[in-house]
Amino acid sequence: MTRRALVLAACLFALAPATARAAVDLPPPAITGTAGDNGWYVSPVTLKWSPTGETSTSGCDTQTLTADTVGATVTCTASNGPGDSVTRTVTIHLDQTPPTAVAASPARPPDAPPFYTAPVAIAWSGSDPTSGIAACTATTYAGPDAPTATPTGSCRDNAGNVSSPVALTFAYDATAPPLTGLTATANPDRTIALGWTTSPDAQTATVVRNPGNATIMNAGPATTRATTDGPLAPATAYTYTVTVKDAAGNATSASASATTPAVPAELASTSKAKAKAKAKDRTPTLRWKAQRRAKYYNFQLFRNGRKILSAWPTKNHYTLHAQWRFRGRTQHLATGKYRWYVWPGYGRRAAHRYGRLHAKGAVTIPKPTPR
C-alpha cells in the first residue's frame, strides 16, 4: 500500500466513530400531580425525564416535590460528548394548603344590640402565603329572623384550594310584632276601655291619648293586652294610639277612638258631689298589677325630681299618708304632682333582690276643699 493510501485510510478510521454517534434528545419531563388553577399544582408533583442518545446526565433523576413552593426550578442536562448537550428547565408552582385565618366582618355593628334589624353586608377574609387569596365570600344577610343567625363563608386561593366554611353568629329580627283587634269602648262612668291582640314577640306596649298627647301607659310589660283610661270629660271624643315593640325595637302602631257619654241632668248634682268628694281625698291608694313570685315591692315616691318616700308593701297597692318620716325628716303630702315607681322584690327583704321596673305612674294631690 502506498504512503498516500495509508494516510487516507487513517483519516477514514479517525472519522468513523464521530459519524456513528446518535444525537441527544431531551423531551420535556412527564409531570404527574393534581393540577389546580392558574398553573398551580395542589398535590405532590413527580417529574420523570426521558432523554435519549445520552452518555451522561445531570439532574435528570426522577424526583417528587412535596413541599409548597411559590416556584421550584428543576434542571436536567443530557450529553453525548463534547458539543452534543441538551439542557431543559421547568418551574413547578405547588400550593396544597387552603387559606387560613378566615374570619367574617359585618359592615356595621348591630342596630339594636344584640339584634340586626335590617339587611347587613358581611365580608370574609383570610391569608395564604403561597399562591395568595383569589376571592372570599361576600354576601348580604336579609333573613330569616333568628335569635342565632349563622351565615357562612370561605376563601379560595389562586391555586384553587378552598377553606372550610366559617360562620358568623348574630341575632336578626327585622319583623315588627303584629297588632290587631284594637278596640276602644266608652263606659257609662266616662272611662274608656282598650283591648288589643299581639304576639308573644311583643315586649312592651305604649298607649297615648289625644287630645292632650297624654301617655297613659309607657312601655307596659309584655303581657299587657288591655287597659282602662278615665274617668274623662263628658261627651268628648278621644283617640288612642297603641304601639307594641319587640326586643329588637321593631314597632307596630294602631289607633282607635271612642266618645264618652254626656252626663244626664239628673246625675249632674251627683257627679258634682263625687267630684267634691274626690277633691277631699288627699290620701289616694295607688295600685299596680301583681307580679308573680314577688314577696314584696319597693314603692318610691318623687316630687320635683327628688325622692321623698321609699316603702316596702307586701301587697300590690300603697296608700299615701298625710305625713311620714323619710331620711330623718318629716314629709307632708302637699298639693302638687307626684311620680311613683314600683320594683318587685324576691326572697328575704334583706337580700335586696329586685326585678326590673314593674310599674310607674303619676298622681296629683288637689288643693284642700274649702270648708
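Higher on the page you've got the structure.
Residues numbered from 1 in each chain as written. Predicted model: local features only at pLDDT ≥ 70, side-chain atom pairs only at ≥ 80, totals over all residues. Heavy atoms only, no water.

A. Quick look at the state of the cysteines. Under the definition given, this model contains two disulfides. Here Cys-60 is linked by a disulfide to Cys-76, with a sulfur-sulfur distance of 1.7 Å. One disulfide, between Cys-60 and Cys-76, carries an S-S torsion of 95 degrees and so falls in the right-handed class. Highlighted residues: Cys-60 in the loop between β3 (56-58) and β4 (63-65) and Cys-76 in strand β5 (residues 69-79), separated in sequence by 16 residues. The pair formed by Cys-60 and Cys-76 is uniform in burial state, with each residue classed as buried. At a sulfur-sulfur separation of 2.0 Å, the disulfide partner of Cys-136 is Cys-155. Sign of the S-S torsion, about 110 degrees for the bond between Cys-136 and Cys-155, identifies this disulfide as right-handed. (Disulfide = S-S within 2.5 Å. Helix = DSSP H or I, 4+ residues; strand = E, 2+ residues; numbered from the N terminus. Buried < 20%, exposed > 50% of the residue type's maximum accessible area, 1.4 Å probe, protein only.)

B. Summary view of the environment of Thr-150. By secondary structure assignment, the location of Thr-150 is in the loop between β12 (146-149) and β13 (152-153). The partly exposed category is assigned to Thr-150, whose relative accessible area is 44%. It is 5.6 Å that separates the C-alpha atoms of Thr-150 and Ala-167, two residues lying 17 residues apart in sequence. What Thr-150 contacts, discounting residues up to four positions off in sequence, is Ala-167, Leu-168 and Thr-169. (Contact = heavy atoms within 4.5 Å.)

C. Inspection of the nonpolar core at higher detail. Counting residues in each nonpolar core, the largest one holds 21 residues, and the members touching the most others are Trp-288, Phe-299, Leu-301, Leu-320 and Trp-340. When residues in this core are grouped by element, the largest group, four residues, is from strand β30 (residues 336-346). Listed in part, the 17 residues of the second largest apolar core include Leu-182, Ala-205, Met-217 and Leu-232. (Core = buried A, V, L, I, M, F, W, Y, C linked by side-chain atoms within 4.5 Å.)

D. Spatial organisation of unusual backbone geometry. The peptide bond linking Asn-210 to Pro-211 adopts the cis configuration, its omega dihedral lying at 5 degrees. Relative to the assigned elements, Pro-211 resides in the loop between β19 (202-210) and β20 (214-220). A cis amide bond links Gly-230 to the next residue, Pro-231, at an omega of 5 degrees. Mapped onto the fold, Pro-231 is located in the loop between β21 (226-229) and β22 (237-246). Phi at Ala-235 takes a positive value of approximately 50 degrees, unusual for a residue other than glycine. With respect to the helices and strands, the residue Ala-235 is situated in the loop between β21 and β22. Take Ala-235: its relative accessible area is 53%, and that puts it in the exposed class. For Arg-293, which is not a glycine, the phi torsion comes out positive at approximately 75 degrees. Its place among the elements puts Arg-293 in the loop between β24 (285-287) and β25 (296-303).

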